[in-house]
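Working through the structure, step by step
Below, each chain spelled out in residue letters.
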Amino acid sequence: MTLRISGLYIYPIKGARGLPLTSATLTESGLFYDRQFMLVKAGTGRFISQREYPKMSLIEVALPPEALAGDWGSLPPEAAMQVSAPGMPPLHVQLSPAVHSPMQYRTVTVWEW
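The residue count restarts for each chain, going from 1 along the sequence in the order it is written. Local features in this predicted model are restricted to residues of pLDDT 70 or higher, and side-chain atom pairs are both shown and tallied only at a pLDDT of 80 or more, whereas totals for entire chains, interfaces and linings draw on every residue. With hydrogens and water stripped out, all remaining heavy atoms of the structure feed into the side-chain values.

Think of it this way: any DSSP run of H or I at least four residues long counts as a helix, any run of E at least two long counts as a strand, and we number them from the N terminus. If you trace the backbone, Arg35 turns up in the loop between strand E4 (30–31) and strand E5 (60–62). Residue classification places Arg35 among the partly exposed positions, given a relative accessible area of 44%. For the pair Arg35 and Gly15, spaced 20 residues apart in sequence, the C-alpha to C-alpha distance is 8.4 Å. For Arg35, the residues in contact, after removing those within four places along its chain, are Tyr11, Pro12 and Lys14. Only protein chains enter the accessibility calculation, which uses a 1.4 Å probe. A residue is then buried if its area is under 20% of the maximum for its type, exposed if over 50%, and partly exposed in between. In this analysis, two residues are considered to be in contact whenever any of their non-hydrogen atoms come within 4.5 Å of each other.

Okay, here's the thing in structure tokens:
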């Protein structure tokens, strides 16, 4: 049996449109930048998915080329993921932690069992 990869995609935001790649970096947890972000409800911290909100498939993500180099520490401070959706202004998500701004963490729920 011969296996062949016919398409390679990552989904930086879980549930959003994927990014086609010609190559990818493999990490201990999977492909670099694949499902590293998710959308959550502001009040509850519960994640939202395409199952509940099919229009999430219209969300487009763009990463700067240096983000796909496979080294978290090599990103310039201004590196940002661009997120866009029909009828919404573009959103820029900084990929490197701000030097003068402490990281803020929030408890979220992915699946309730």
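Here we come to the nonpolar core. One finds Tyr33, Leu63, Met81 and Leu95 to be the most contacted residues of the largest nonpolar core, which totals 18 residues. Of all the secondary-structure elements, those providing two or more residues to this core are strand E2 (19–21) and strand E6 (80–84). Setting aside its immediate chain neighbours within four residues, Leu95 contacts Tyr33, Phe37, Leu63, Pro64, Ala67, Leu75, Ala79, Ala80 and Met81. Take the buried Ala, Val, Leu, Ile, Met, Phe, Trp, Tyr and Cys residues and link them wherever side-chain atoms come within 4.5 Å; each set so joined is a nonpolar core.

An order of E5-E6-E7 is seen for the 3 strands of this open sheet, with the pairing classed as antiparallel. Since the sheet does not close on itself, it has two edges, and those belong to E5 and strand E7 (91–94), each with one partner. Direction aside, the axes of adjacent strands within the sheet are offset by 25° on average. Following DSSP output, two strands are said to pair if at least two bridges run between them. By the bridge criterion, 4 bridges tie E6 to E7 in an arrangement that is antiparallel. When the bridges of E7 are listed, Val83 appears paired with Leu91. A fitted line through C-alpha atoms serves as each axis, taken over the contacting stretch for helices, and the angle formed by two N-to-C directions is quoted from 0 to 180°.

In this structure, Tyr33 is a non-glycine residue whose phi angle is positive, near 70°. In this structure, Tyr33 sits in the loop between E4 and E5. Of note, Arg35 is a non-glycine position whose phi angle comes to about 55°, a positive value.

pLDDT runs from 0 to 100 and stands for how confident the predictor is about each residue. The share of residues in the protein with pLDDT of 70 or more is 88%, and the mean pLDDT across the chain is 87. Between the elements of the protein, mean pLDDT differs from a low of 86, seen in strand E3 (residues 26–27), to a high of 96, seen in E5.

A few words on the pattern of salt bridges. For this document, the term salt bridge refers to a Lys or Arg side-chain nitrogen within 4 Å of an Asp or Glu carboxyl oxygen. Per the stated rule, a full pass over the model turns up 3 salt bridges. Across the salt bridge formed by Arg35 and Asp34, the nearest N and O atoms sit 2.6 Å from each other. Classification of Asp34 as buried rests on a relative accessible area of 18%. Between Arg46 and Glu52 there is a salt bridge; the shortest N-O distance is 3.3 Å.

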